[in-house]
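Reading the structure
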Amino acid sequence: NKKIQKFKITKKINRFSYFKELNNSKVVVSPFGWGEISLRDFEVFITGGLLYKPNMNHLITWPNFFEENKTIKCFSWDLIDFDINLEKILDNYKNFISISEEAQNRYLKYTISEDAFELFFRHLKSIFNHN
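Given the structure is predicted, the values throughout are model-derived calculations rather than measurements.

What counts, and at which threshold
- Residues numbered from 1 in each chain as written.
- Predicted model: local features only at pLDDT ≥ 70, side-chain atom pairs only at ≥ 80, totals over all residues.
- Heavy atoms only, no water.
- Helix = DSSP H or I, 4+ residues; strand = E, 2+ residues; numbered from the N terminus.
- Polar contact = N/O pair within 3.5 Å; in protein donor to acceptor, adjacent residues only side chain to side chain.
- Contact = heavy atoms within 4.5 Å.
- Buried < 20%, exposed > 50% of the residue type's maximum accessible area, 1.4 Å probe, protein only.

**Quick notes on the side chain of S30**
- Here S30 is to be found in the loop between β1 (27-29) and α2 (39-47).
- Within polar-contact distance, the side chain of S30 engages the side chain of K53 at 3.2 Å.
- Dropping the residues within four chain positions of it, S30 is found in contact with D41, L51, Y52 and K53.

Below, the structure is given as structure tokens:
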């Protein structure tokens, strides 16, 4: 497939070059390491790419940064739909920009906005009041 370049082994790059590549990327496949969520996911939100990762429906997070078709695009864990879904994204990329924008806006809202602390505090308070 000409649209999907084969993965290749590359040399390690410095942090500046890494973020430059993220900034220039339309879609970023989530690295999967020691769990479903990676710090790299948040770097994608910051740089505005579309995060493409295994389905996250089995996890509940707060805030919910991993909502399929709202903040991320997903593929199945067995990768059966990986190529076809990625091709759809690349063929119709303009239709998916709103997903990456929502992810970035949501991330910024819950991390650095003026309301971030209040949102966190309210959520924490609701947990303690729930019991």
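**Considerations on unusual backbone geometry**
- A cis amide bond, omega -15 degrees, links W62 with the succeeding residue P63.
- Mapped onto the secondary structure, P63 falls in the loop between β2 (50-54) and β3 (73-75).
- One non-glycine residue, N69, adopts positive backbone phi at about 65 degrees.
- With respect to the secondary-structure elements, N69 resides in the loop between β2 and β3.
- Of note in this structure, L79 is not a glycine but carries a positive phi near 65 degrees.
- Along the polypeptide, L79 turns up in the loop between β3 and α3 (82-91).
- Relative accessible area serves as the criterion here: at 49%, L79 is assigned to the partly exposed category.

Without other data, these values stay purely geometric and don't point to any function.
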